[in-house]
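Residues per chain, in single letters:
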Amino acid sequence: MEIKIVQVPPEKGKARPTDESNLGFGKIFTDHFFTMKYHHDRGWHDAMIGPYHELSLEPTAMCFHYGQEIFEGLKAYRGRNGSIFLFRPSENIKRMNASAKRLCMPTIDPDLFMEAMKKLALIEQDWIPHGRGTSLYIRPTMIATERSLGVHPSNEYLFFIVVGPVGAYYPEGFNPTKIYVSEEYVRSAPGGIGHCKAAGNYAASLYASKLAAEMGYTQVLWLDAIERKYVEEVGTSNIFFVIGNELITPPLTGTILPGVTRDSVIQIARSWGINVLERPLAMDEILSAFASGNPTIREVFASGTAAIVSPIGQIYYQGKVHIIGEGKTGPLAEKLYNEILGIQYGEKEDPFNWRVKLS
Ligand SMILES: *Cc1c(COP(=O)(O)O)cnc(C)c1O
């Protein structure tokens, strides 16, 4: 399928943000977006990059009622020499299609998906900020659009991709976060959709996050739904523990999101000779390590596209606060952050062939 392109005349474009240190996240969107429609009888059609505009949907569009909404999140980076890169975009495409299957939504041809992201990023390349750590955030989204109040998989969908400049996550250096272990609420259960980037997962997580915020914590550490015993994820990121000489992260058993950053951390750490274990990690094991210091919990950090790695300095669990690494950023988190950022911006070797160069 051809992607039709309708350019906004330059004089009609939006004003560009002038202050790159104040972009924030997900507030600014560019002049164009990609759209493509699906109908059960026709398949995907009308692929187009055109002027960014409001959507018009009926109040009975199924996405408003039964939650068929999935998305992805990745970034385009501007390297120092002006080149533009994506980081492992095929992984996001694969994951979006896996989410689509689980939610009975149509999959998208990976080549067309890739072409749409590349073309859109290039059309909007002037919007990609220059500062190290800044980027153009890419948000592919699919929603059910059939007007119907009967519960069934929608027969019509809209796929769109919006992009917008985002600021550096750590403009003033690392600041370890405080996390709150939720025992009462869970975000996902075995057999559910916890492994999908589906809107409902975030709706389900807001209440516990709000309670944690009220107690002064940045994020919720989620436990498994059955035993409330095993660590799963932190907020909307994957989690890693450096205990003794091992790097431990929960396995992909269907209740956690298979993060692209998680996989990158695992592969890089293994290439450095670190013993990486994907295995269940119980709070009891963590508590006894905190109590005895043997083995030592050296570092805890979260991983995700937004921050790459985000060090955790404190964990609140059952009325007690546990401090990790004196509340400071650990050396492995910092080294991984610099390595992945260096690959993304074209400054370091790319031994795994993760970068996709757009220009
Ligand atoms: C997006 C997301 C992650 C991180 O995935 P990345 O591909 O590394 O950005 C982790 N957990 C949840 C719940 C997420 O939504």
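Rules and cut-offs
Residues numbered from 1 in each chain as written. Predicted model: local features only at pLDDT ≥ 70, side-chain atom pairs only at ≥ 80, totals over all residues. Heavy atoms only, no water. Axes fitted to C-alpha atoms, helices over the stretch in contact; angles between N-to-C directions. Helix = DSSP H or I, 4+ residues; strand = E, 2+ residues; numbered from the N terminus. Parallel < 35°, antiparallel > 145°, perpendicular 65-115°, else oblique. Left-handed = near helix turned anticlockwise from the far one by under 90°. Contact = heavy atoms within 4.5 Å. Pairing = 2+ DSSP bridges. Buried < 20%, exposed > 50% of the residue type's maximum accessible area, 1.4 Å probe, protein only. Core = buried A, V, L, I, M, F, W, Y, C linked by side-chain atoms within 4.5 Å. Domains from an automatic or database assignment. Buried area = accessible area lost by both parts, 1.4 Å probe. Polar contact = N/O pair within 3.5 Å; in protein donor to acceptor, adjacent residues only side chain to side chain. Near = heavy atom within 4 Å. Nonpolar A, V, L, I, M, F, W, Y, C, P; charged D, E, K, R; others polar. Disulfide = S-S within 2.5 Å. Salt bridge = Lys/Arg side-chain N within 4 Å of Asp/Glu carboxyl O.

**Comments concerning the packing of helix 2 (residues 89-102) against helix 3 (residues 110-123)**
The contact between helix 2 and helix 3 brings their axes to 10 Å, and the two run at 125 degrees. Classified by the angle between their axes, helix 2 and helix 3 sit oblique to one another. The two elements helix 2 and helix 3 meet at a crossing, and its hand is right-handed. Counting all contacts with helix 2, which are made through Pro89, Ser90, Ile93, Met96 and Asn97, the residues of helix 3 involved are Pro110, Phe113, Met114 and Met117.

**Things to note about the pairing of strand 11 (residues 231-234)**
Strand direction decides the pairing type here: strand 10 (residues 219-223) and strand 11, joined by three bridges, are antiparallel. Looking at the pairing, Leu221 lines up with Val234 of strand 11. Both strand 11 and strand 12 (residues 237-243) contribute to a ladder of two bridges, which runs antiparallel. From the neighbouring strand, Val234 faces strand 12, where its bridge partner is Ser237.

**Some thoughts on unusual backbone geometry**
Between Asn294 and Pro295 the backbone carries a cis peptide bond, its omega angle lying at -5 degrees. Along the polypeptide, Pro295 turns up in the loop between helix 6 (283-292) and strand 15 (297-304). Phi at Arg88 takes a positive value of approximately 50 degrees, unusual for a residue other than glycine. Even without glycine at this site, Glu326 takes up a positive phi of about 55 degrees. As for its position among the elements, Glu326 is in the loop between strand 17 (320-323) and helix 7 (331-344). Glu326 gets classed as exposed once you look at its relative accessible area, which sits at 67%.

**A few points about the nonpolar core**
The biggest cluster of nonpolar side chains holds 46 residues, and the ones touching the most others in it are Phe34, Met142, Phe159 and Ile161. Those elements giving two or more residues to this core turn out to be strand 2 (32-39), strand 3 (43-51), strand 5 (74-78), strand 6 (84-87), helix 2, helix 3, strand 7 (135-144) and strand 8 (156-166). For Phe159, the residues in contact, after removing those within four places along its chain, are Phe34, Thr35, Met36, Trp44, Met96, Ile108, Phe113, Pro140, Thr141 and Met142. Tyr77, Ile266, Val276 and Phe301 belong to the second largest nonpolar core, which has 24 residues in total.

**Let's talk about the domain arrangement of the protein**
Annotation of the protein at the domain level lists domain 1 (4-166) and domain 2 (177-344). For the pair domain 1 and domain 2, the summed buried area comes to about 1800 Å², and 60% of that belongs to carbon and sulfur atoms. Together, Phe87, Arg95 and Arg102 form the three largest contributors to the area buried by domain 1 at its contact with domain 2, with a combined 33%. Remark: the boundary between domain 1 and domain 2 carries 11 residue pairs in polar contact (both at pLDDT 80 or more).

**Examining the site of the ligand**
Near the ligand you find 14 residues, and of these Lys197, Tyr202, Glu233, Thr261 and Thr305 are the closest. Tyr202 has a polar side-chain atom sitting 2.2 Å from an oxygen atom of the ligand. At a separation of 2.5 Å, a nitrogen atom of the ligand approaches a polar side-chain atom of Glu233. The set of elements that each furnish at least two residues to the shell around the ligand consists of strand 12 and helix 5 (260-271). In the shell around the ligand, the residues fall into three nonpolar, seven polar and four charged.

**A word on the state of the cysteines**
Applying the stated rule across the entire model yields zero disulfides. Unpaired in this structure, Cys63 has its nearest cysteine sulfur neighbour in Cys104, at a distance of 16 Å. Its sulfur unpaired, Cys104 is 11 Å from the next cysteine sulfur, which belongs to Cys196.

**Brief notes about the side chain of Thr255**
Assignment of secondary structure puts Thr255 in the loop between strand 13 (246-249) and helix 5. Only 2.9 Å separates the side chain of Thr255 from the side chain of Glu232, close enough to count as a polar contact. With residues up to four places along the chain from it excluded, the contact list for Thr255 reads Arg187, Ser188, Ala189, Pro190, Gly194, His195, Glu232 and Glu233.

**Structural notes on the pattern of salt bridges**
Taken as a whole and judged by the stated rule, the model has 15 salt bridges. Put simply, Lys94 and Glu91 hold a salt bridge, and the shortest N to O gap is 3.2 Å. Linking Lys94 with Glu91, this pair stays in helix 2, spanning three residues, or about one helical turn. On the basis of relative accessible area, Lys94 is assigned to the exposed category, the value being 54%. Assessed through its relative accessible area of 28%, Glu91 is described here as partly exposed. One salt bridge connects Lys119 with Glu115, and the closest N-O pair in it is separated by 2.6 Å. Separated by four residues within a single helix, Lys119 and Glu115 lie in helix 3, roughly one turn from each other. On the accessibility criterion, Lys119 (31% relative accessible area) is partly exposed. Glu115 sits in the partly exposed class, given a relative accessible area of 29%. One network of salt bridges, with partners in common, ties together Arg80, Arg132 and Glu347.

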